[in-house]
Amino acid sequence: MKRSASGCGGVRGKGLLLALDLKRKIGPDVTELAHTRGLLINAPRPDSLRFMPALTVSRDEIDHMIGILDGVLRDVKSLP
């Protein structure tokens, strides 16, 4: 999996069930903007994101998801 230079915290989890620790409480903003861009993710806490892709997800689909998420994180972090 490609790592993002978006300034986030660590990644934790196992297999396809992963969480991304954010350094700010922007989880709800990230999930809302991601949804408008076609990416469904979950923020179980305001400072983390959870990913639960289907077991049949392809590497190309994961790369596409990371591209969307990287843009979303950049855009949300630039907000006041």
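Residues numbered from 1 in each chain as written. Predicted model: local features only at pLDDT ≥ 70, side-chain atom pairs only at ≥ 80, totals over all residues. Heavy atoms only, no water.

**Re the pairing of strand 4 (residues 48-51)**
One ladder, built from four bridges, connects strand 2 (residues 17-21) with strand 4; its direction is antiparallel. By the bridge assignment for strand 4, Ala19 is matched with Arg50. With two bridges connecting them, strand 3 (residues 42-45) and strand 4 associate as antiparallel partners. Bridge pairing in strand 4 links Asn42 to Arg50. Turn length for the strand 3-strand 4 hairpin, with the two strands adjacent in sequence and antiparallel, is two residues. (Pairing = 2+ DSSP bridges. Helix = DSSP H or I, 4+ residues; strand = E, 2+ residues; numbered from the N terminus.)

**Some remarks on the environment of Asn42**
Mapped onto the elements of the fold, Asn42 is located in strand 3. You can call Asn42 partly exposed: its relative accessible area is 28%. Through-space distance from the C-alpha of Asn42 to that of Glu32 is 9.6 Å; in sequence the pair is ten residues apart. If near-sequence neighbours (up to four positions away) are discounted, Asn42 is found in contact with Thr31, Ser48, Leu49 and Arg50. (Buried < 20%, exposed > 50% of the residue type's maximum accessible area, 1.4 Å probe, protein only. Contact = heavy atoms within 4.5 Å.)

**Focus: the sheet that holds strand 2**
With antiparallel pairing, four strands are arranged side by side in an open sheet as 1-2-4-3. Since the sheet does not close on itself, it has two edges, and those belong to strand 1 (11-14) and strand 3, each with one partner. Geometrically, the sheet is characterised by an average inter-axis angle of 25 degrees between neighbouring strands, direction not taken into account. By the bridge criterion, four bridges tie strand 1 to strand 2 in an arrangement that is antiparallel. What sits directly across from Lys14, in strand 2, is Leu17. Lying over the sheet, helix 1 (residues 27-36) contacts strand 3 and strand 4, oriented at roughly 170 degrees with respect to strand 3. (Axes fitted to C-alpha atoms, helices over the stretch in contact; angles between N-to-C directions.)

Function cannot be inferred from these measures alone, as they are strictly geometric.
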